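Structural characterization, general
Each chain, written out:
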Amino acid sequence: MQVAVVTFDGFNELDSFIASALINRCRKDGLEAFITTPTPVVTSMNGVEVTGQRPMEFVTAADVVLIGSGVKARDVVADDRLLSRLQLDPSRQLIGAQCSGALVLARLGLLAGMPACTDMKSRPFVEACDVTVLDAPFHAEGNVATAGGCLASHYLATWVITRMLGDDAARDVIDYVAPVGENQETVERAVRAVQAGEVALH
């Protein structure tokens, strides 16, 4: 089971690295994440250069695709050639977006008829795509999910792990990375956020 964490130039480190790091704690169970980039090297919003682990075309083979956010998201959605490399299929893939990654999903037509979560700076641009933005950190309908706020990236990871490996696996990962002494409340908050985000569609 492979996860493509799509990471564009100008990316937010918290979005790409938290999700990939948490998911990669499940390697022993057959779930693995890869930083997936449109060019061999991308530079974060804070100047950190990262070599991609997989090329953009990997998204077609991945079981899960997470679209990270960054300061160049509007440039990304304006680039038809770049977007054409994102061949996504929610009928067979889990697809998630973090913060301004929701703009990419909207541009690809994957948010048609469903609300989304995003960060405050991206909100007006997502709303301009005729997408209702929720005042919530996480929302999922079927195989498509969005998360809003950098630290909601572990909710996106929790959703992926839960869907792919089950609730216990997700709880174990969040428990491991939780602040010492706050394990139970951190696990319960993550699970509750994901469950609430999915229940909202029923």
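What comes next is a walk through the structure. (Residues numbered from 1 in each chain as written. Predicted model: local features only at pLDDT ≥ 70, side-chain atom pairs only at ≥ 80, totals over all residues. Heavy atoms only, no water.)

1. Side note on the nonpolar core
To keep it simple, the criterion reads: Only buried residues count toward a nonpolar core. Its members are Ala, Val, Leu, Ile, Met, Phe, Trp, Tyr and Cys residues joined through side-chain atoms within 4.5 Å. To sort residues, take the accessible area from a 1.4 Å probe on protein chains only and compare it with the maximum for the residue type: under 20% means buried, over 50% means exposed, and anything in between is partly exposed. Runs of H or I in DSSP of at least four residues are treated as helices and runs of E of at least two as strands, each being numbered from the N terminus. In this analysis, two residues are considered to be in contact whenever any of their non-hydrogen atoms come within 4.5 Å of each other.
Counting residues in hydrophobic clusters, the biggest one holds 35 residues, and the most contacted among them are Val 3, Ile 23, Leu 66, Phe 138, Trp 159, Val 160 and Ile 161. Residue contributions to this core peak at six residues, all from helix 6 (residues 153-165). With near-sequence residues (within four places) excluded, Phe 138 lies in contact with Cys 117, Ala 145, Thr 146, Ala 147, Tyr 155, Leu 156, Trp 159, Ala 193, Val 194, Gly 197 and Glu 198. Counting residues in hydrophobic clusters, the runner-up holds 32 residues, among them Ile 67, Ile 95, Leu 103 and Val 144.

2. Comments concerning the layout of surface pockets
To locate leftover empty space, one rolls a probe as large as a water molecule over the atoms. Going by this rule: The way it works is a 1 Å grid over only the protein atoms, where trapped points that fit a 1.4 Å probe form a cavity and open points with protein on both sides within 12 Å along at least five of seven lines form a pocket, and then any residue with an atom within 4 Å of a point lines it. Grid points are joined across faces, edges and corners, and a volume is the space filled by probe spheres set on the points. Three residue categories are used. Nonpolar comprises Ala, Val, Leu, Ile, Met, Phe, Trp, Tyr, Cys and Pro, charged comprises Asp, Glu, Lys and Arg, and polar comprises the others, including Gly.
Here the largest pocket is characterised by a volume of approximately 350 Å³. Every residue lining the largest pocket is counted, 17 residues in all, and those nearest its centre are Gly 70, Val 71, Asp 119, Lys 121 and Ser 122. By residue class, the composition of the lining of the largest pocket is seven nonpolar, five polar and five charged. In terms of residue class, the lining of the second largest pocket is built from four nonpolar, one polar and five charged.

3. Let's talk about the sheet that holds strand 8 (residues 138-141)
Keep this limit in mind: Pairing between two strands is assigned when DSSP locates at least 2 bridges connecting them. For every element, the axis is a line fit to its C-alpha atoms; helices are fit only across the contacting stretch, and the angle between N-to-C directions ranges from 0 to 180 degrees.
The mixed open sheet is built from seven strands, whose spatial order is 5-2-1-6-7-9-8. Of all the strands in the sheet, just strand 5 (54-55) and strand 8 have a single pairing partner and so form its edges. Here strand 2 (residues 32-37) pairs with strand 5 via two bridges, running parallel. Bridging across to strand 5, Thr 36 finds its partner in Arg 54. Contacting strand 1 (2-6), strand 2, strand 6 (64-67) and strand 7 (94-98), helix 1 (residues 13-23) runs over the sheet at an angle of about 155 degrees to strand 2.

4. Some thoughts on the side chain of Asp 119
Cut-off, in case you're wondering: Counted charges follow a simple rule, with Lys and Arg positive, Asp and Glu negative, and His plus the chain ends left uncounted. Between Lys or Arg on one side and Asp or Glu on the other, a salt bridge is scored when a side-chain nitrogen of the former is within 4 Å of a carboxyl oxygen of the latter. In the analysis that follows, any N or O atom pair within 3.5 Å is treated as a polar contact, provided that within protein one partner can donate a hydrogen and the other can accept it, and provided that, for residues neighboring in sequence, both atoms belong to side chains.
Along the chain, Asp 119 falls in the loop between helix 4 (101-107) and helix 5 (123-127). Although Asp 119 is buried, it forms no salt bridge, and the closest oppositely charged side chain is Lys 121 at an N-O distance of 7.3 Å. A distance of 3.1 Å separates a polar atom in the side chain of Asp 119 from the backbone nitrogen of Lys 121.

5. Observations concerning the packing of helix 6 against helix 7 (residues 167-177)
Selection rule: Should the near helix be turned counterclockwise from the far one by less than a right angle, the crossing is left-handed, whereas a clockwise turn marks it as right-handed.
Between helix 6 and helix 7, the shortest axis-to-axis distance is 7 Å and the interhelical angle comes to 145 degrees. Classified by chirality, the crossing of helix 7 by helix 6 is right-handed. For the pair helix 6 and helix 7, the contacting residues are His 154, Thr 158, Ile 161, Thr 162 and Leu 165 in the first and Asp 167, Ala 169, Ala 170, Val 173 and Ile 174 in the second. For the contact of helix 6 with helix 7, the class distribution of residues is six nonpolar, three polar and one charged.

6. Examining the environment of Leu 110
By the element assignment, Leu 110 lies in the loop between helix 4 and helix 5. Judged by relative accessible area, which is 15%, Leu 110 ranks as buried.

7. Notes on the environment of Leu 105
Of note, Leu 105 is situated in helix 4. Since its relative accessible area comes to 0%, Leu 105 is described here as buried. Here the alpha-carbon distance between Leu 105 and Ile 95, two residues 10 residues apart in the chain, equals 8.8 Å. Setting aside anything within four residues of it in sequence, one finds Leu 105 in contact with Ile 67, Ile 95, Gly 96, Ala 97, Leu 110, Leu 111, Val 144, Ala 145 and Thr 146.

8. Points about the pattern of salt bridges
Where charged atoms from two side chains of opposite charge approach closely, those side chains can pair. Using the criterion set out here, one finds 11 salt bridges in the structure. The residue Asp 9 makes a salt bridge to Lys 72 at a minimum N-O spacing of 3.0 Å. Here the residue Asp 9 occupies a position in the loop between strand 1 and helix 1, and Lys 72 occupies one in the loop between strand 6 and helix 2 (73-77), the gap between them amounting to 63 residues. A relative accessible area of 35% places Lys 72 in the partly exposed class. When the shortest N-O distance is used, the salt bridge between Arg 123 and Glu 127 registers 3.0 Å. Taken as a pair, Arg 123 and Glu 127 lie in helix 5 at a separation of four residues, close to a single helical turn. Given a relative accessible area of 19%, Arg 123 falls into the buried group.

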